Amino acid sequence: MDFLNAIVALSNFVLVPAIAYGSQLALGALGVTLIYGILRFSNFAHGDTMAFGTMAVILVTWLFQSMGISFGPLPTALLALPFGIMGCMALLLITDRVVYRFYREQKAKPVILVIVSMGVMFIMNGLVRFIIGPDEQRFADGERFIVSARTFKQMTGLREGLAIKSSQGITVVVAVIAVVLLFWFLNRTRTGKSMRAYSDNEDLALLSGINPERVVIYTWLIVAALATVAGTLYGLDKSFKPFVYFQLLLPIFASAIVGGLGSPLGAIAGGFIIAFSEVTITYAWKKVLVYLMPDSLEPSGLVQLLSTDYKFAVSFVILLIVLLFRPTGLFRGKSV
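Let us look at the structure shown here. On a predicted model such as this, the values are computed, not experimentally measured, just so you know.

**With respect to the overall build of the chain**
Point 1. Check the secondary structure of the chain and you find 14 helices and two strands.
Point 2. In terms of overall size, the chain behaves like a compact globule, its C-alpha atoms giving a radius of gyration of 21 Å where 336 residues would be expected to give roughly 20 Å.
Point 3. In terms of overall dimensions, the chain has C-alpha extents of about 70 × 55 × 40 Å along its principal axes.
Point 4. Within the chain, the fraction of its 336 residues that count as buried is 48%.
Point 5. In the chain, the share of contacts with a sequence separation of at least 24, taken over all contacts with a separation of at least 6, comes to 74%.
Point 6. Of the accessible surface of the chain, which amounts to about 16,200 Å², a share of 66% is contributed by carbon and sulfur atoms.

This is the structure in structure tokens:
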């Protein structure tokens, strides 16, 4: 029974949160890797793009809630998600037309576009804070748990209870649907194949009659959808605060680089690697070890390698190691 209790405790505090967090990072990293693979620059404004899309979802969610519109046991934010995606799409298309297009026409080097994206990042961050404020916002409603710890204990008779939040289940389901749709689009549609061809060889793609502006537009549209979905899922699972999305840029970039920039499969794998690394290293293992070890060897401390306040440091260390020893990432993407 102690072994089963240890498994349940591990699942409750490590496996389930890491899977949900990894799904969120994977969606964010897919947006980063698409921009790097197709538009050929690292978009430092991606975290704040997620914040803007999520903010739009929150505002529409509040509107629906004030009108008495709900989604039953599911969060109303899922109804507001398409509107948030459209708002984020409009923002990115305007930003591309006003800012990035000029530098593309000038054939600017990627490092110039990186610096430009940092400027866009600060503007987006300020815009989000101005509209919704810098404070923490919660916008979840509906059922809070798929399985509650109390119900699980009553069903199994174990001391440890497994709790799975609705937001965690929704995160995994929505992430799987989004990834399947993205891979179907890239591999089965004419536009998706054009985007892949443009990413592999720009000159050959242009000679084949592919319209580069059309590829750019579709890239931004897909990135807006992925960023809004990732940001909304993260906000539902935890909470929304603009500065947190700015901080998420580090683990998202780490996920994309660990998997291999320009590789969608690598972005997904990298997201889960970073998520499991952060959660396992910052988790206090005392509860699990108490069940597994004899009484004489029970730990007196928390058995925690790092405080949760330093979880982003884990992403930073992994990022440094990958950049030093394998800059193309696990799936041999484009070298950083």
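**Quick notes on the side chain of threonine 54**
Point 1. Mapped onto the elements of the fold, threonine 54 is located in helix H2 (residues 46-66).
Point 2. A polar contact is formed between the side chain of threonine 54 and the backbone oxygen of methionine 50, at a distance of 2.7 Å.
Point 3. Within the structure, the side chain of threonine 54 is placed 3.4 Å from the backbone oxygen of glycine 231, a separation counted as a polar contact.

**Describing empty space enclosed by the protein**
Point 1. On inspection of all chains with the given rule, the structure shows one cavity of 30 Å³ or more.
Point 2. Gln24, Leu25, Met50, Ala230, Tyr234, Leu248 and Ile252 are the residues that line the largest cavity.
Point 3. Those elements that place two or more of their residues in the lining of the largest cavity are helix H1 (2-39) and helix H9 (212-237).
Point 4. By residue class, the composition of the lining of the largest cavity is six nonpolar, one polar and no charged.

**Considerations on unusual backbone geometry**
Point 1. If you check the backbone angles, lysine 107 has positive phi at about 55° while not being a glycine.
Point 2. When its relative accessible area of 67% is taken as the criterion, lysine 107 is described as exposed.

**Quick look at the pattern of salt bridges**
Point 1. Inspection of the entire model under this criterion finds eight salt bridges.
Point 2. Taking the shortest distance from any N to any O, the salt bridge between arginine 104 and aspartate 96 comes out at 2.6 Å.
Point 3. With relative accessibility at 22%, the residue arginine 104 sits in the partly exposed group.
Point 4. Overall, aspartate 96 belongs to the buried group, its relative accessible area being 5%.
Point 5. With a closest N to O distance of 3.4 Å, lysine 165 and aspartate 237 form a salt bridge. Here lysine 165, found in strand S2 (residues 164-165), pairs with aspartate 237, found in helix H9; they are 72 residues apart in sequence, far enough to count as distant.
Point 6. In this structure lysine 165 comes out as partly exposed when scored by relative accessible area, which is 24%.

About the thresholds
- Residues numbered from 1 in each chain as written.
- Predicted model: local features only at pLDDT ≥ 70, side-chain atom pairs only at ≥ 80, totals over all residues.
- Heavy atoms only, no water.
- Helix = DSSP H or I, 4+ residues; strand = E, 2+ residues; numbered from the N terminus.
- Rg over C-alpha atoms; globule rule 2.2 N^0.38 Å.
- Buried < 20%, exposed > 50% of the residue type's maximum accessible area, 1.4 Å probe, protein only.
- Contact = heavy atoms within 4.5 Å.
- Areas by Shrake-Rupley, 256 points an atom, 1.4 Å probe, with all protein chains shown as cover.
- Polar contact = N/O pair within 3.5 Å; in protein donor to acceptor, adjacent residues only side chain to side chain.
- 1 Å grid on protein atoms, 1.4 Å probe; cavity = no way out; pocket = protein on both sides within 12 Å on 5 of 7 lines; lining within 4 Å.
- Points joined across faces, edges and corners; volume = space filled by probe spheres on them.
- Nonpolar A, V, L, I, M, F, W, Y, C, P; charged D, E, K, R; others polar.
- Salt bridge = Lys/Arg side-chain N within 4 Å of Asp/Glu carboxyl O.

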